[in-house]
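What follows is the residue order along each chain.
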Amino acid sequence: MTLAKRPRVFALPPGVDFGAALLAGLDRQLADRDPMVAAEATLILSTERSRRRLAALIEAGPVRLGPRLLTLTDFGRDRAIDPPLSRQLLLTQLIDKLIEREPDLGPRSGAFALAGSLEELLSELEEEGVPPDRLERIDAAALAGHWQRSLRFLRLLREVGAAGGAGAARRVALLQEAARLTAAPPSHPVVVAGSTGSRGATPELMAAVAALPEGAVVLPGVDPHLPPEVWDRLTEPDARPDHPQWSIARICARLGVRPDRLPLWYEVAPSCPPRARLLSLALRPAPVTDAWRQQGPALAPELLKATSDLTLVEAPTPRLEALAIARALQESAVSGKRGALITADRTLARRVAGELERFGIAPDDSAGRPLGLTPPGVLLRLVLALEENRTPPAHLAALLRHPLTASGPIRAAHLRLARAFEHDVLRRAQMPSAAAITAWGRDDAERVTWARWLAEIVSCPAPPDMARFEAHLSHHLEIAERIAAGPELAVKEADVAAQSDDLQAPAFDDAAQPFGRPAGALWEAAAGHAAARRMQEIKEAALTGGPMRRASYKAAMTALLMEVDVPEAAYTPDPRVAIWGTIEARVERADLTVLGGLTEGVWPKQPSPDPWLSTSLRAAMGLPPTDRQIGLAAHDVEQAIGAPEVILTRSLRDSDAPTVASRWLLRLENLCRGLGREGEEAWSSMRLRGEARLRRADALDQPIDRVPAAPRPAPAPPAAARPRELSVTDLETLVRDPYAVYAKRVLGLRPLDPLHSSLDARHRGEAFHRVLEQAVSEIETTAPDRLGAFGAIVDAVLSGTVPSPSARAVWSEHLLALAPAFFAAEVVRRDKAHPKAFEIPGEVIWTEPPVTIRARADRIDLGPEGQIVIYDYKSTLPTPKQLAVFKRQLELEAMIAEAGGFEGVPPGTVLDLVYIGLGASAPVRRIADVPSAITAARRDATRLIATYLSPTQAFRARTRPERIEYAGPYDALSRFGEWQESDPTTPVQVP
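Residues numbered from 1 in each chain as written. Predicted model: local features only at pLDDT ≥ 70, side-chain atom pairs only at ≥ 80, totals over all residues. Heavy atoms only, no water.

Undergrad: In this structure, what is going on with the overall build of the protein chain? I would like to understand it.
TA: Looking only at helices and strands, the protein chain has 37 helices and 23 strands in total. Projecting the C-alpha coordinates of the protein chain onto the three principal axes gives extents of approximately 120 × 70 × 65 Å. Looking at the 991 residues of the protein chain, the share that counts as buried comes to 51%. In the protein chain, the share of contacts with a sequence separation of at least 24, taken over all contacts with a separation of at least 6, comes to 77%. As presented, the protein chain carries roughly 44500 Å² of accessible surface, and 55% of it is formed by carbon and sulfur atoms. Here the protein chain carries 119 positive and 126 negative side-chain charges, and the mean point of each set is 2 Å from the other. (Helix = DSSP H or I, 4+ residues; strand = E, 2+ residues; numbered from the N terminus. Buried < 20%, exposed > 50% of the residue type's maximum accessible area, 1.4 Å probe, protein only. Contact = heavy atoms within 4.5 Å. Areas by Shrake-Rupley, 256 points an atom, 1.4 Å probe, with all protein chains shown as cover. Lys, Arg positive; Asp, Glu negative; His and termini not counted. Charge placed at Lys NZ, Arg CZ, Asp CG, Glu CD.)

Undergrad: Explanation requested: helix α35 (residues 889-898) in the structure shown.
TA: The periodicity of an α-helix, 3.6 residues per turn, causes residues three or four positions apart to be oriented the same way. Among the 10 residues in α35, 9 count as buried, and that is most of the element. What α35 keeps buried is the set Gln889, Leu890, Glu891, Leu892, Glu893, Ala894, Met895, Ile896 and Ala897. Along its buried surface, α35 packs onto α29 (728-736), β18 (834-847), β19 (850-862), β20 (868-874), β21 (910-917) and α36 (930-949). A positive backbone phi angle near 75° is found at glycine 900, which sits one or two residues after α35.

Undergrad: Help me out: how do you make sense of the sheet that holds strand β7 (residues 339-343) in this one?
TA: Note: strands within a sheet are paired through backbone hydrogen bonds, in either parallel or antiparallel orientation. The 6 strands lie next to each other as β6-β15-β14-β7-β13-β8, forming an open sheet whose pairing is parallel. Looking at the sheet topology across the chains shown, the edges are occupied by β6 (310-315) and β8 (363-365). When the angles between neighbouring strand axes are averaged without regard to direction, this sheet yields 20°. Pairing analysis gives 6 bridges linking β6 to strand β15 (residues 645-651), with the strands arranged parallel. Within β15, the residue paired with glutamate 314 across the bridge is arginine 650. (Pairing = 2+ DSSP bridges. Axes fitted to C-alpha atoms, helices over the stretch in contact; angles between N-to-C directions.)

Undergrad: Where do I start with the nonpolar core in this structure?
TA: In summary, soluble globular proteins display a tendency toward joint burial of nonpolar side chains. Of all hydrophobic cores here, the largest spans 64 residues; its most connected members are Phe421, Trp450, Trp523 and Met535. In this structure, Leu726, Tyr739, Ile870 and Leu890 belong to the second largest nonpolar core, which totals 48 residues. (Core = buried A, V, L, I, M, F, W, Y, C linked by side-chain atoms within 4.5 Å.)

Undergrad: Teacher, can you tell me more about the packing of aromatic side chains here?
TA: Two measures describe an aromatic ring pair: the distance that separates the ring centres and the angle between the ring planes. Under the defined criterion, the tally for this structure stands at 13 aromatic pairs. Judged by centre distance (5.9 Å) and plane angle (35°), the rings of tyrosine 742 and phenylalanine 955 are tilted. Here tyrosine 742, found in helix α30 (residues 738-746), pairs with phenylalanine 955, found in the loop between α36 and α37 (971-974); they are 213 residues apart in sequence, far enough to count as distant. No difference in accessibility class separates tyrosine 742 from phenylalanine 955, as the two residues are buried. Considering the side-chain rings of phenylalanine 976 and tryptophan 979, the 4.9 Å spacing of their centres and the 65° angle between planes classify their relative orientation as edge-to-face. Members of the aromatic cluster, joined through ring pairs, are Phe421, Trp440, Trp450 and Trp453. (Phe/Tyr/Trp six-rings, centres within 6.5 Å; stacked < 30°, edge-to-face > 60°.)

Undergrad: Can you walk me through the sheet that holds strand β1 (residues 9-11) in this structure?
TA: Here we have 5 strands laid out as an open sheet, ordered β1-β5-β4-β2-β3, and parallel in their pairing. Single-partner strands in this sheet number two, and they are β1 and β3 (68-71). Put simply, the sheet's adjacent strands are angled 20° from each other on average, direction ignored. Packing against the sheet, helix α3 (residues 48-60) makes contact with β2 (42-45) and β3, and its axis sits at approximately 165° to β3.

Undergrad: Sorry if this is basic, but what is going on with the environment of leucine 734 here?
TA: With respect to the secondary-structure elements, leucine 734 resides in helix α29. Between the alpha carbons of leucine 734 and alanine 193 there is a distance of 78 Å; along the sequence they are 541 residues apart. Not counting the four nearest positions on each side in its chain, leucine 734 is found in contact with Leu726, Val741, Leu944, Tyr948 and Phe955.

Undergrad: Please explain the pairing of β3 as it appears in this structure.
TA: If a strand is regular, its side chains alternate between the two faces of the sheet. Both β2 and β3 contribute to a ladder of 4 bridges, which runs parallel. Directly across from threonine 42, in β3, lies its bridge partner arginine 68. Tracing the backbone out of β2, into α3 and back to the parallel element β3 gives a crossover that is right-handed. (Right-handed = clockwise from strand over helix to strand, strands pointing away.)

Undergrad: I tried to follow the packing of helix α14 (residues 318-334) against helix α15 (residues 346-356) on my own but got confused; where do I start?
TA: In a packed pair of helices, the relevant descriptors are the angle between the two axes and the axis-to-axis distance. Close contact between α14 and α15 brings their axes to 8 Å; oriented N to C, the two are set at 55°. Taken together, α14 and α15 sit at an angle that is classed as oblique. Considering the relative orientation of α14 and α15, their crossing is right-handed. Across from Pro318, Arg319, Glu321, Ala322, Leu323, Ile325, Ala326 and Leu329 in α14, the residues of α15 making contact are Leu348, Arg351, Val352, Glu355 and Leu356. Partitioned by chemical class, the residues of the contact of α14 with α15 number 9 nonpolar, no polar and 4 charged. (Parallel < 35°, antiparallel > 145°, perpendicular 65-115°, else oblique. Left-handed = near helix turned anticlockwise from the far one by under 90°. Nonpolar A, V, L, I, M, F, W, Y, C, P; charged D, E, K, R; others polar.)

Undergrad: Whenever I open this one, a nonpolar patch on the surface confuses me. Can you help?
TA: On the surface, a nonpolar cluster with roughly 230 Å² of combined accessible area is contributed by Leu747, Leu749 and Leu973. Tracing the chain through its elements places leucine 747 in the loop between α30 and α31 (761-778). (Patch = residues over 30% accessible without salt bridge, like charges linked within 9 Å, V, L, I, M, F, W, Y side chains within 5 Å. Salt bridge = Lys/Arg side-chain N within 4 Å of Asp/Glu carboxyl O.)

Undergrad: Before we go on, may I ask you to explain the side chain of glutamine 245 in this structure?
TA: The topology assignment puts glutamine 245 in the loop between α9 (228-234) and α10 (246-255). Engagement of the side chain of glutamine 245 in a polar contact is seen with the side chain of glutamate 638, the distance being 2.8 Å. Ignoring anything within four residues of it in the chain, the contact list for glutamine 245 reads Gly221, Val222, Asp223, Leu226, Trp231, Leu234, His635 and Glu638. (Polar contact = N/O pair within 3.5 Å; in protein donor to acceptor, adjacent residues only side chain to side chain.)

Undergrad: What's the story with helix α16 (residues 375-384) in this structure? I'm lost.
TA: Where burial is concerned, most of α16 is hidden: 7 out of the 10 residues are buried. Where α16 is concerned, the buried positions are Pro376, Gly377, Leu379, Leu380, Leu382, Val383 and Leu384. Contact partners of the buried residues in α16: α17 (393-401), α21 (469-485), α23 (525-541) and α24 (550-562).

Undergrad: Explanation requested: the side chain of glutamate 893 in the structure shown.
TA: Within the fold, glutamate 893 resides in helix α35. The contact partners of glutamate 893, leaving out residues within four places of it in the chain, are Ala855, Arg856, Ala857, Ile870 and Phe902.

Undergrad: Looking at this structure, I do not really get the pairing of strand β4 (residues 190-193). What am I missing?
TA: Taking every second residue as pointing to the same face, both faces of β4 are buried, with Val190 and Val192 on one and Val191 and Ala193 on the other. Both β2 and β4 contribute to a ladder of 4 bridges, which runs parallel. When the sheet's bridge partners are listed, leucine 45 is paired in β4 with alanine 193. Strand direction decides the pairing type here: β4 and strand β5 (residues 215-219), joined by 4 bridges, are parallel. Its bridge partner lying in β5, alanine 193 is registered against valine 218. Of the crossover connections in this fold, the one passing from β4 over helix α8 (residues 202-210) to the parallel β5 is right-handed.

Undergrad: For this particular structure, what's the right way to read the pattern of salt bridges?
TA: Opposite charge on two side chains lets them pair, provided their charged atoms get close. Counting across every chain of the model gives 70 salt bridges. Across the salt bridge formed by arginine 549 and aspartate 465, the nearest N and O atoms sit 3.7 Å from each other. With arginine 549 in strand β11 (residues 547-549) and aspartate 465 in the loop between α20 (445-458) and β10 (466-468), the pair connects residues that are 84 residues apart, well separated along the chain. Under the relative-accessibility criterion, arginine 549 is labelled partly exposed at 23%. Residue aspartate 465 is classed as partly exposed on the basis of its relative accessible area, which comes to 36%. One connected set of salt bridges, linked through shared partners, spans Glu314, Arg650, Glu669, Arg673, Glu680 and Arg687.

Undergrad: What exactly am I supposed to notice about the packing of α23 against α24 here?
TA: Contact pair α23 / α24: the axes reach a minimum separation of 11 Å and the direction vectors enclose 135°. Taken together, the axes of α23 and α24 lie oblique to each other. Read as a crossing pair, α23 and α24 show a hand that is right-handed. Side by side, α23 and α24 meet where Arg534, Met535 and Ile538 of the first sit next to Met557, Leu560 and Leu561 of the second.

Undergrad: Would you mind showing me how to read the environment of isoleucine 853 here?
TA: Its location among the elements puts isoleucine 853 in strand β19. Beyond its immediate sequence surroundings of up to four residues, isoleucine 853 is in contact with Leu726, Val728, Gly842, Glu843, Val844, Trp846, Ile896 and Ile945.

Undergrad: Honestly, unusual backbone geometry in this entry has me stumped. Any pointers?
TA: In most cases, non-glycine residues show a negative phi, while peptide bonds are predominantly trans. Here the bond from tryptophan 603 into proline 604 is cis, since omega is 10°, no more than 30 degrees from zero. By secondary structure assignment, the location of proline 604 is in the loop between β14 (592-596) and α25 (615-621). Positive phi outside glycine occurs at alanine 525, with the angle close to 60°. Note on placement: alanine 525 falls in helix α23. Classification of alanine 525 as exposed rests on a relative accessible area of 53%. Not every positive phi belongs to a glycine, and aspartate 929 is a case in point at roughly 50°.

What follows is the structure, encoded as structure tokens:
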């Protein structure tokens, strides 16, 4: 059998249902032939999604013998000797050594990411058939130093892929298939459909199929409105690859056909031909946009028709964009139509899926959710944050609350114990140690078992920092499964009842132990099965992974968990609503199509910078340009925008700053608005329809009945309920925010200590106080090695209380810089008095008005004749104005000291009151005229207390906040924000 004299290449225009047209054309060509020929026919499609779509169409159509369906990715799938992950782990070791020699290449934790980009480059070199010796032909003398280093490294690695990676296997398989078809042309039809031939050896296979007597190549989205001169320009060497038809022009040139003369595979017209013509002109290559002036006026009369089913939604926020899309899809479903969102932004897709829940709609999401964001993936990522006896409370609390932690019959008991542990320990400790956990559970049998389980987890020694990848992985899996299995608790009947009401408790199956250990429900359900498969793949690849630092392992595992998507299979999706990625949308069709996230940098996404090859180096190597992806994205848009009804959406802002509209939107706007009155009217109509959709979406969040705003609170409790115990800080609060004292002392409310995920000023102050207390107690001020001893104390205190290495480093430098000035001033302080007590509580009882005043002094020194000196450490020294009105802490402590209110400190005369600043120069601020200051503080405090003990005095909120941005612990209780500090108050008598 001879080959066809003319390549059999066909086209389908943009805006048609590609899958349906492909199948209809095949049916027409096989209509008069033996049905067995249809069964022998082979369709080679571009993606797995195309195959599923064709299979669904065949199943839904008339009874027939369907063709054999293959995809280009099927070729060479099982031939790769060197899997990508194994090679990436091997490359990680090499890059880690390179970074060790040349640290400016990047951080050590980024070795795995760099290895990933390098593995992609090697796969691309293999797939494009670039011989390794081409690296040797490049003259590196004219290159920048960075690229010279990169080229040297690549030359050293030219033998890494010799065993054969996935790219090489795919190329060999495609070339072998092309040779087989050429040598022995089959008697049955062979069709390559949906590919633009932009990768590897795909053009060779397409050329071989096009030359077969029974072969055919069907190109998708071929623009019939481009003139010949534009097609010719797209094949020129300097043509920009960002045009939607760039790949089509290149493959046609490779196949020896003219794209403007291709016959249609099936005679089908776009849903709106005027819109197709408009978009074709709008997307002309930049050098020939002068055609807008010549050809644009001919489009003016049909602009309103072209845009009648186009809507432009420009939402002020990403959330409102998602809500508008969800509302549009819901309205489409209610009307009996099928709606679909097409977007390159997975964050937007998840937002839309969440907004659809309010309508009870579960969309058919083709991508699903990244494994790292599913419950098993989140648990595995949380385990990565565990450090031996150094886990921050926020991380440990998140781990204990996770729905897969202690999953199974003990789940309810675990939650009860975890809540108690969080309240008693996590909210009061910086880094809960195994000893603290064990001590908490000492007095209760059930707590003992639970605390022993948790203590073993937080203190489990990890492999050395530089250990083999498989050692890190084995430890990671073991801890994750121990956490998921939970402790061996006796299940009480009350917990069984609570378990039935616990919606977060997953199903439990003892058989789910793929790694040989009990793991609760960690590996169950669709996400658990996907996580188990992924971890098994990583475990097999880990055999090639050599030594790796712990930080690199954490970064690598996080990336590996985020690379895999898990379909949302826990529900039956609504067939009327779908969410597609740009690749899936090439073969799908919906009545309403929403193109979401049309923002520059999102769609199209800017090509990731290649850290290994510059643009010129890629060209010298014979690799395709990286910005060809923009052209493929433009091709997707050109096809999707041809749907019957289309909504184009973007957000005017992201989370940080204003956004720029996608280049395709800008071109469409510029063309329309440059075509005179008709164009302006068409573009304005698109926007008006979008604004109407935004108003309907925003109305969903508007309350039907508005609740009146809360007034500024000013409660006036009866005299018997007013506080009889106050701290010295309460007195300052009575001046600044009396309502906070009411909430704390009258209502008895205390805000929970926060679970700090980051260290704040309070932690810094506590750490500094502890260091200085220990230094003053243990170090002689004139000792020659005092600075060395101080450094040892700093290291010991910070390593035991501060989990963050960066915070430890910064705070340590600050304290070491403070030490010389502090010890120099300490010599003077010791001449006056010697330290007696640190962090000591005290109190004094007044009879008129009847109240107890309490305080905690940072430091009290005693002089040789019993004189008292009180010091207070401050990160920021109070100003004289603050001391005059608000800051009376030291004077009130002096009053307590003179009355003998501090245990172990005999009553005496207060000689000095000093604030010691914690700046580098250890500045101080003394209270002038101490006796007069104490007398004035007593007088003012007595007046203040008497005022607020009066039953007619109201506790107003935020009377004199220290700063405009001050956030009080009881602002939520007072509903601050519904009222302003300038609002008047009306005292309200409360029982």
